[in-house]
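# Results of the structural survey
If you want the building blocks of each chain, they are given just below.
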Amino acid sequence: MKLDIRSWVPEDAAALAAQANNPKISDNLRDGFPYPYTEEDAQFFINLARRTHSERAWVRAITVDGQVAGGITLTFGEDVYRKSAELGFWLGERYWNQGIATTAVERFCARAFAETEIVRIQAEVLAINPGSIRVLEKNRFQREGYFCNRVCKHDRLIDSIVFALLK
């Protein structure tokens, strides 16, 4: 299995839509990640990602054996938060429980620490998402805070957990 993290390209739209169109994925992400997830949503996202990718945000595709498996982002802080970044990631369900997200997060964070001046990467996950919690813990992220009723998803209040990895 060959895992790669690369820039999104317009040709990824159909594969992105196929992997992302799953309520089990969107239920654990921010509302900006729609369900159903159409090819038009994928085209819009890819165009945005290609314009957004800069020294302030890395927006990348995770591929396995050349096929789109999910996405990973790092949004760099500004002003007093300029030494920090926020991590986000997801995988299509067929790629779950194979160590793919763990490896992608490890590589992405190592690259960020090596190529930028950040000293902290944080990630906020829903407390009902044990898979993402496991990925962060396997990558030595430390649990820094547990927030009750912090997230409102589908008109339901959900707890969230903030994790951080220090350089």
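Structural data are supplied above this passage.
Only a predicted model underlies this, so the values are computations on that prediction, with no experimental measurement involved. (Residues numbered from 1 in each chain as written. Predicted model: local features only at pLDDT ≥ 70, side-chain atom pairs only at ≥ 80, totals over all residues. Heavy atoms only, no water.)

## As for the overall build of the protein chain
For the protein chain, the helix and strand inventory stands at 5 helices and 7 strands. Taken from N to C terminus, the helices and strands of the protein chain fall in the order β-α-α-α-β-β-β-α-β-α-β-β. Taken over C-alpha atoms, the radius of gyration comes to 15 Å for the protein chain, in line with the 15 Å a tight globule of 167 residues would show. Once the C-alpha set of the protein chain is aligned to its principal axes, its extents read approximately 40 × 35 × 30 Å. Each of the 167 residues in the protein chain was classed as buried or not, and the buried ones make up 44%. For the protein chain, the accessible surface area stands at approximately 9,300 Å², while carbon and sulfur atoms represent 50% of it. (Helix = DSSP H or I, 4+ residues; strand = E, 2+ residues; numbered from the N terminus. Rg over C-alpha atoms; globule rule 2.2 N^0.38 Å. Buried < 20%, exposed > 50% of the residue type's maximum accessible area, 1.4 Å probe, protein only. Areas by Shrake-Rupley, 256 points an atom, 1.4 Å probe, with all protein chains shown as cover.)

## A closer look at the nonpolar core
Soluble globular proteins: nonpolar side chains tend toward being buried together. One finds Ile 72, Leu 74, Leu 87, Ile 121 and Phe 141 to be the most contacted residues of the largest nonpolar core, which totals 33 residues. Contributions of two or more residues to this core are made by β1 (3–7), β2 (57–64), β3 (67–76), β4 (84–91), α4 (100–115), β5 (120–126), α5 (130–138) and β7 (156–166). When residues of this core are assigned to their parent elements, the largest contribution, 8 residues, is made by α4. When neighbours within four sequence positions are excluded, Ile 121 is seen to be in contact with Leu 74, Ala 85, Leu 87, Cys 109, Ala 112, Phe 113, Phe 141, Phe 163, Ala 164 and Leu 165. Counting 15 residues, the second-largest nonpolar core is a separate cluster that includes Ala 13, Ala 20, Ile 25 and Val 59. (Core = buried A, V, L, I, M, F, W, Y, C linked by side-chain atoms within 4.5 Å. Contact = heavy atoms within 4.5 Å.)

## What about the pattern of salt bridges?
Under the defined criterion, the tally for this structure stands at 9 salt bridges. We note a salt bridge from Arg 6 to Asp 12, for which the minimum N-O separation is 2.8 Å. Owing to a relative accessible area of 23%, Arg 6 belongs among the partly exposed residues under this scheme. Of the residues examined, Asp 12 reaches a relative accessible area of 6% and is grouped as buried. Across the salt bridge formed by Lys 24 and Glu 93, the nearest N and O atoms sit 2.9 Å from each other. (Salt bridge = Lys/Arg side-chain N within 4 Å of Asp/Glu carboxyl O.)

## Some remarks on helix α1 (residues 13–20)
Inspection of α1 places Ala 13, Leu 16, Ala 17, Gln 19 and Ala 20 among the buried residues, and these make up the whole buried set. For α1, the buried positions fall inside an angular range of 165° around the axis, keeping them on one side. (Arc of directions from axis to C-beta.)

## What about α4?
Relative to the 22 Å expected for 16 residues at 1.5 Å per residue, α4 spans 22 Å between its end C-alpha atoms, a close match to the ideal helical length. Those residues of α4 that fall on the buried side of the exposure criterion are Ile 100, Ala 101, Thr 102, Ala 104, Val 105, Phe 108, Cys 109, Ala 112 and Phe 113. (Expected span 1.5 Å × (residues − 1).)

## A word on the side chain of Ser 160
Mapped onto the elements, Ser 160 comes out in strand β7. Among the polar contacts listed, one links the side chain of Ser 160 to the side chain of Glu 124, at a separation of 2.6 Å. In this structure, Ser 160 is in contact with Glu 124, Val 125, Leu 126, Ala 127, Gly 145, Tyr 146, Phe 147, Arg 150 and Val 151, ignoring residues within four places of it in sequence. (Polar contact = N/O pair within 3.5 Å; in protein donor to acceptor, adjacent residues only side chain to side chain.)

## A closer look at the environment of Trp 96
Along the chain, Trp 96 falls in the loop between β4 and α4. The class for Trp 96 is partly exposed, based on a relative accessible area of 32%. Spatially, the C-alpha atom of Trp 96 lies 8.2 Å from that of Gly 131, the residues being 35 residues apart in sequence. If we skip the residues at most four places from it in the chain, Trp 96 touches Lys 24, Ile 25 and Leu 91.

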